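Examination of the molecular architecture
One-letter residues, chain by chain:
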Amino acid sequence: MSKVCIVMLLVMSSGVAYSQQINPARALYNYQMSCQGCHGPEGQGGGGVPRMQGFVGLFLNTAQGRDFLVQVPGSANSALGNSELAEVLNWMIEQFGGSSNPPGLQPYTAREVGILRKSPLNEVNAYRASVLANITKGAAY
Amino acid sequence: MKLFDQFVEQRSRKIAQASSRRGVLKRLGSFMAGAAAFPVLPVARAANADTTSADKVPSESGDPASCDYWRYCAIDGYLCDCCGGSYNACPPGTEMSPITWIGTCLNPVDGRSYVISYNDCCGKTSCGSCLCMRDEGDRPLYRVDKANDLNWCLGTESSVYHCSTAIVVGLAYEDS
């Protein structure tokens, strides 16, 4: 088997593993109940609320950006449990990330989310700008 | 057959003499322009949001102008249905808020719970008709995303509240 085939199999299997951890109906419901009111049905944002559609995957290019998606108040302070929050984050990235998603997505785990949400952000807008600046500057993707 | 031809010819000539061709064009133009204008009104998003999937269109019963209507189980405000709009469309001259508070209501017809988005209509002073406060699932203000006792005219040109809609977003998830 060629190296190319092995790489393709690895990519395909990681994609399957990513999706397998998501219950789409439950994730959609939790998105609707906890996120959609501000981010909109398609993650389009608007009215001062950040757009996730075609953008959210950009944050996954750095560890700081990955943590940010859990530490934002909407995630960290939501009424969702750790496993539900991890699921809805993974679902949003899959649904809305599109071409902004980097290759080899690693799903959030309940444990990871549980640790990160204990440190919610306060000055979110300024911090978000610095996270994005670091991603652009570092060109880690 | 000849008689029939004569009859049709005479009728056609009479209609042509009695009617204005420009009038026909004007009416046709108005109809086409009007039809094209409707989708850009602020009500369009609500209408679209309500009909994108068969699952999202529940069987209906009840009076949307009554506070008892099933979709209003978690509402706190004036019913747009009494204010020149409907349960899923804003009255003319108002703008639907893109930022909303969302709850679930049990539909008595099919016994299933639906996710309802209570989009406020903004830009005119309070409607003042059909005040409805049922507040199921309402949480205190420290839980702002689940509190309906707020002005949700956010992200709109004007933050002046007029009335509230109740748009079905989808079926509520139930563990099987």
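It should be emphasised that the depicted structure is a prediction, and the values quoted were computed from it without experimental measurement.

1. Details of the nonpolar core
One finds Y31, F68, L69, L89, M92, I93 and Y108 of chain A to be the most contacted residues of the largest nonpolar core, which totals 32 residues. Only α2 (24-34), α4 (63-71), α6 (82-96), α7 (110-116) and α8 (124-138) of chain A provide two or more residues apiece to this core. Take this core: its biggest share by element is 8 residues, from α6 of chain A. If near-sequence neighbours (up to four positions away) are discounted, L69 of chain A is found in contact with V56, F59, L60, S75, L89, I93 and Y108 of chain A. Within the second largest apolar cluster, 18 residues are counted, among which are Y69, I75, W101 and A166 of chain B.

2. Section: the side chain of S100 of chain A
All names here are of chain A. Along the chain, S100 turns up in the loop between α6 and α7. A distance of 3.4 Å separates a polar side-chain atom of S100 from the backbone nitrogen of F55. At a separation of 3.0 Å, a polar atom in the side chain of S100 contacts the main-chain amide nitrogen of G57. Discounting residues that sit within four places of it in the chain, S100 has contacts with G54, F55, V56, G57 and L58.

3. Observations concerning the pattern of salt bridges
For side chains bearing opposite charge, pairing can occur when the charged atoms are close. Here the structure, examined in full by the defined rule, presents 3 salt bridges over all chains. A salt bridge links R26 of chain A to E87 of chain A; the shortest N-O distance between them is 2.7 Å. Of this pair, R26 of chain A sits in helix α2 while E87 of chain A is found in helix α6, placing the two residues 61 residues apart along the sequence. The shortest N-O distance in the salt bridge between E60 of chain B and R71 of chain B comes to 2.4 Å. In this pair, E60 of chain B is assigned in the loop between α3 (43-50) and β1 (76-78) and R71 of chain B in the loop between α3 and β1, connecting sequence segments 11 residues apart.

Calculation criteria
- Residues numbered from 1 in each chain as written.
- Chains lettered and ligands numbered in written order.
- Predicted model: local features only at pLDDT ≥ 70, side-chain atom pairs only at ≥ 80, totals over all residues.
- Heavy atoms only, no water.
- Core = buried A, V, L, I, M, F, W, Y, C linked by side-chain atoms within 4.5 Å.
- Buried < 20%, exposed > 50% of the residue type's maximum accessible area, 1.4 Å probe, protein only.
- Helix = DSSP H or I, 4+ residues; strand = E, 2+ residues; numbered from the N terminus.
- Contact = heavy atoms within 4.5 Å.
- Polar contact = N/O pair within 3.5 Å; in protein donor to acceptor, adjacent residues only side chain to side chain.
- Salt bridge = Lys/Arg side-chain N within 4 Å of Asp/Glu carboxyl O.

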